[in-house]
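Below, each chain spelled out in residue letters.
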Amino acid sequence: MIREIRLWPDPVLAQVCEPVGAVNQHVRALADDMLETMYAAKGRGLAAPQVGVPLRLFVMDCGWKEGDRAPQVMVNPEIVEASAERAAGLEGCLSIPGITAEVERAAEVTMRWTGLDGSLFAGRFSGFEAIAAQHERDHLDGIVTLDRVSPEVRARLETEYRACRSGPS
Ligand code: ZN
C-alpha cells in the first residue's frame, strides 16, 4: 500500500524515532509499504518517519533506476564506523521535493542493522550507498538535509522551497 509522504516541516520529521521492538508482521507490512511508496515516488531511500511512523527503520535501493531492483530494509540501523575521508554531494529528499542540498558526509560507513527476518547484519557502504544510508539514518534522529548545511544556505533553500510549495504547480 502506498502511504502518504510527509513533507517538511511536518513535526514527525524532526522527531527522534523509537527503536523497533520485535520484527513482526506489522513491521514487515510497514517495510513493504515503504518500499512501494519509495518506488512509486521514484526515490532511492525512505525512512519510517517520512510516512508518519516514528520508528527506527528505513528502506533503500540505490541502483534500481539503472538496473534490477535490490531493496534493502534496515531495522534499528547504526553507523558503527565512518571513514575520515569526506565526500560532498547533492542530495534530494522525498520530504523536501524540489530542493537539493549539498551535504558533506563520510565517504564510507560500516552499518549494523536488523533484517526483516530478525537476524543481525553488518555491511560496509561506499559511494552513493554510503550517502543514502547516512541520509536515511539521519531521518531517524529527526535530522534533514537542511540541518546539515550552513545557516546561509539553509535560508536560501527554505526560501526556494516555500516559493515552489506556494507557486503554481
Ligand atoms: Zn530524506
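It should be noted that the structure appears before, not after, this text.
In this text the structure is predicted, and so the values were computed from the model without any measurement.

Undergrad: Which parts of the structure should I look at to understand the side chain of Glu158?
TA: Note on placement: Glu158 falls in helix α3 (residues 151–166). The buried category is assigned to Glu158, whose relative accessible area is 16%. Every residue in contact with Glu158, bar those within four places of it in the chain, is listed here: Trp8 and Leu146.

Undergrad: Can you walk me through the pattern of salt bridges in this structure?
TA: If the charged atoms of two oppositely charged side chains come close together, the side chains can form a pair. Summed over all chains, the structure comprises 16 salt bridges. Its salt-bridge partner being Glu66, residue Arg44 comes within 3.4 Å of it at the nearest N-O pair. Separated by 22 residues along the polypeptide, Arg44 in the loop between α1 (25–40) and β1 (45–47) and Glu66 in the loop between β2 (57–60) and β3 (72–82) bring together distant segments of the chain. Classification of Arg44 by relative accessible area gives partly exposed; the value is 23%. Glu66 sits in the exposed class, given a relative accessible area of 59%. One network of salt bridges, with partners in common, ties together Arg56, Glu78, Arg137 and Asp141.

Undergrad: Any chance you could explain the side chain of Arg137 here in plain terms?
TA: By the element assignment, Arg137 lies in helix α2 (residues 127–139). Arg137 sits in the buried class, given a relative accessible area of 11%. Within the local environment of Arg137, its side chain forms a polar contact with the backbone oxygen of Pro77, the two atoms lying 3.2 Å apart. If sequence neighbours within four positions are ignored, Arg137 has contacts with Arg56, Phe58, Pro77, Glu78 and Ile79.

How each quantity is defined
Residues numbered from 1 in each chain as written. Predicted model: local features only at pLDDT ≥ 70, side-chain atom pairs only at ≥ 80, totals over all residues. Heavy atoms only, no water. Helix = DSSP H or I, 4+ residues; strand = E, 2+ residues; numbered from the N terminus. Buried < 20%, exposed > 50% of the residue type's maximum accessible area, 1.4 Å probe, protein only. Contact = heavy atoms within 4.5 Å. Salt bridge = Lys/Arg side-chain N within 4 Å of Asp/Glu carboxyl O. Polar contact = N/O pair within 3.5 Å; in protein donor to acceptor, adjacent residues only side chain to side chain.

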